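A structural walkthrough
Chain by chain, the residues run as shown.
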Amino acid sequence: MIAILGTGKMGEALLSGLVRAGLRPDEIVATARRPERAEALRERYGVRVAGNAEAAKLAETLILAVKPQDMGALLAEIAPHVPADRLVISVAAGITTAFVETRLGDGVAVVRVMSNTPVLVDEAMSVISAGAHASEEHLRRTEALLSPVGKVLRIPEAQQDAATALSGSGPAYFFYLVEAMVDAGILLGMPRAAALDMVTQSIVGAAIMLRDSGEHPVILREAVTSPGGTTIAAIAELERHKVRAAFLDAIEAACERSRRLASG
Ligand SMILES: NC(=O)C1=CN([C@@H]2O[C@H](COP(=O)(O)OP(=O)(O)OC[C@H]3O[C@@H](n4cnc5c(N)ncnc54)[C@H](OP(=O)(O)O)[C@@H]3O)[C@@H](O)[C@H]2O)C=CC1
Ligand SMILES: O=C(O)[C@@H]1CCC=N1
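Residues numbered from 1 in each chain as written. Chains lettered and ligands numbered in written order. Predicted model: local features only at pLDDT ≥ 70, side-chain atom pairs only at ≥ 80, totals over all residues. Heavy atoms only, no water.

By the naming in an unreviewed UniProt entry, the protein chain is Pyrroline-5-carboxylate reductase, taken from Microbispora cellulosiformans. If you open the UniProt record of the protein chain and go to Pathway (unreviewed entry), you find "Amino-acid biosynthesis; L-proline biosynthesis; L-proline from L-glutamate 5-semialdehyde: step 1/1." We quote the UniProt Subcellular location (unreviewed entry) comment for the protein chain here in full: "Cytoplasm". (UniProt positions renumbered as here; feature names shortened; annotations may be inferred.)

The following block contains the structure:
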């Protein structure tokens, strides 16, 4: 039995992925703070819903998916009900494995995960790190849960905040970029729906080329950039507006925020 504690956006994305991957709904128990939310999850997926303490007792694997600010309260609530042989997977930004271990005690195995919302389309990027008591087997169990919904990479825990800033938040940067490009299309008099189609297909095509060609992004960009042409006119403006520097600063800020999240 797998429990998802705090089934909001990320918890539900993971839950739907587990169901798509073939887990039976009766092998999953979900918890939520509001009864109407729990009821909606039960109706949508046929999973069992329960309180946190009951779910912690029932499941061998617990996925903690509350916001970082709510993690202390959740751990205090479940600590008396988590036997030492459980695997506890935390997907919260900024929450260290030590934070969870200290509150659950007794050598419980903790794996820290940073995934992202493309889990909804089985294209997640999930990075995982073992806590002090998590073994190779615990990492394998975590990989088995996450690999049906995307790519999984093991990283040292010291890199988790950087990964949160890059791939955890990453999809938001691309959506933001799409919004901006569609607005540019509107500025040029393009209908919104057509502009969105053009930008979406361009980003999908570019992403697949990046993933499947094995080429460096610089090579792929240079192939689009004709001497004296349109692309270099646009790139010159992006450079003039320091867009590259803005990305460096933005992702550094996200990493710094991740580091501070556990303290509220
Ligand atoms: N969204 C994303 O792209 C990503 C999020 N994450 C991480 O996932 C976690 C959740 O984020 P997200 O899904 O966006 O946030 P949400 O607010 O959508 O989900 C958190 C859920 O937990 C519920 N909750 C809070 N406290 C409790 C409790 N004590 N018992 C049961 N349920 C509780 C909340 O209930 P209520 O609705 O009543 O507040 C809410 O539904 C965060 O830690 C975040 O860092 C990681 C990667 C990507
Ligand atoms: O914005 C956040 O804090 C969460 C973590 C990574 C993506 N969303």
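Quick look at helix α1 (residues 9-20) now. An ideal rise of 1.5 Å per residue puts 16 Å on 12 residues; α1 measures up with 16 Å between its terminal C-alpha atoms. Three or more residues of α1 are buried, namely Met10, Gly11, Glu12, Ala13, Leu14, Leu15, Ser16, Gly17 and Leu18. Buried residues along α1 sit against β1 (2-5), β2 (28-31), α2 (35-45), β4 (61-64) and α6 (136-146). The first or second residue beyond α1 is Gly22, which carries a positive phi of 105°. (Helix = DSSP H or I, 4+ residues; strand = E, 2+ residues; numbered from the N terminus. Expected span 1.5 Å × (residues − 1). Buried < 20%, exposed > 50% of the residue type's maximum accessible area, 1.4 Å probe, protein only. Contact = heavy atoms within 4.5 Å.)

Under the defined criterion, the tally for this structure stands at 23 salt bridges. The partner of Glu12 in a salt bridge is Arg44, with the nearest N and O atoms 2.7 Å apart. Of this pair, Glu12 sits in helix α1 while Arg44 sits in helix α2, and the two are 32 residues apart along the sequence. Residue classification places Glu12 among the buried positions, given a relative accessible area of 14%. Each member of the salt-bridge network shares a partner with another, and the members are Glu136, Arg140, Glu143 and Arg154. (Salt bridge = Lys/Arg side-chain N within 4 Å of Asp/Glu carboxyl O.)

What follows deals with the UniProt feature "domain: Pyrroline-5-carboxylate reductase dimerisation" (unreviewed entry) in the protein chain. The UniProt feature table records "domain: Pyrroline-5-carboxylate reductase dimerisation" (unreviewed entry) at residues 157-261. Counted over residues 157-261, helix gives 83% and strand 0%. Its end C-alpha atoms are 15 Å apart.

Quick look at the UniProt feature "binding site: NADP(+)" (unreviewed entry) in the protein chain now. According to UniProt, the positions carrying the feature "binding site: NADP(+)" (unreviewed entry) are Leu5, Gly6, Thr7, Gly8, Lys9, Met10, Ala65, Val66, Lys67 and Pro68. These residues run over 64 residues, yet every pair of their C-alpha atoms falls within 13.8 Å of each other. Relative to the assigned elements, Leu5 resides in strand β1. Apart from the residues lying within four places of it in its own chain, the contact partners of Leu5 are Thr31, Asn52, Ala55, Ile63, Leu64, Ala65, Val66, Leu74 and Ile78. Here Lys67 lies in the loop between β4 and α4 (68-78). Residue Lys67 is classed as exposed on the basis of its relative accessible area of 54%.

Per the domain assignment, the segments making up the protein chain are domain 1 (2-160) and domain 2 (170-261). Taking only C-alpha atoms into account, the centre of domain 1 sits 32 Å from that of domain 2. Between domain 1 and domain 2, the residue contacts involve 9 residues of the former and 4 residues of the latter. Counting the surface lost from both domain 1 and domain 2, the interface buries some 480 Å², and carbon and sulfur atoms represent 56% of this. The interface formed by domain 1 and domain 2 holds 1 salt bridge in total. Across the pair Glu123 and Arg211 runs a salt bridge whose closest N-O atoms are separated by 3.4 Å. At the boundary of domain 1 and domain 2, one finds 2 residue pairs in polar contact (both at pLDDT 80 or more). Taken together, the residues of the side of domain 1 that touches domain 2 break down into 3 nonpolar, 4 polar and 2 charged. (Domains from an automatic or database assignment. Buried area = accessible area lost by both parts, 1.4 Å probe. Polar contact = N/O pair within 3.5 Å; in protein donor to acceptor, adjacent residues only side chain to side chain. Nonpolar A, V, L, I, M, F, W, Y, C, P; charged D, E, K, R; others polar.)

With that settled, consider the pairing of strand β5 (residues 87-90). In β5, alternate side chains face the same way, and those of Leu87 and Ile89 on one face and Val88 and Ser90 on the other are all buried. One ladder, built from 4 bridges, connects β4 with β5; its direction is parallel. Its bridge partner lying in β5, Ile63 is registered against Ile89. Handedness of the crossover is the feature at issue here: the chain leaves β4, passes through α4, returns alongside β5, and the resulting connection is right-handed. With 4 bridges joining them, β5 and strand β6 (residues 109-114) adopt parallel strand pairing. Bridging from a neighbouring strand, Ser90 pairs with Arg112 of β6. Following the chain from β5 across helix α5 (residues 97-104) to the adjacent parallel β6, one finds a crossover that is right-handed. (Pairing = 2+ DSSP bridges. Right-handed = clockwise from strand over helix to strand, strands pointing away.)

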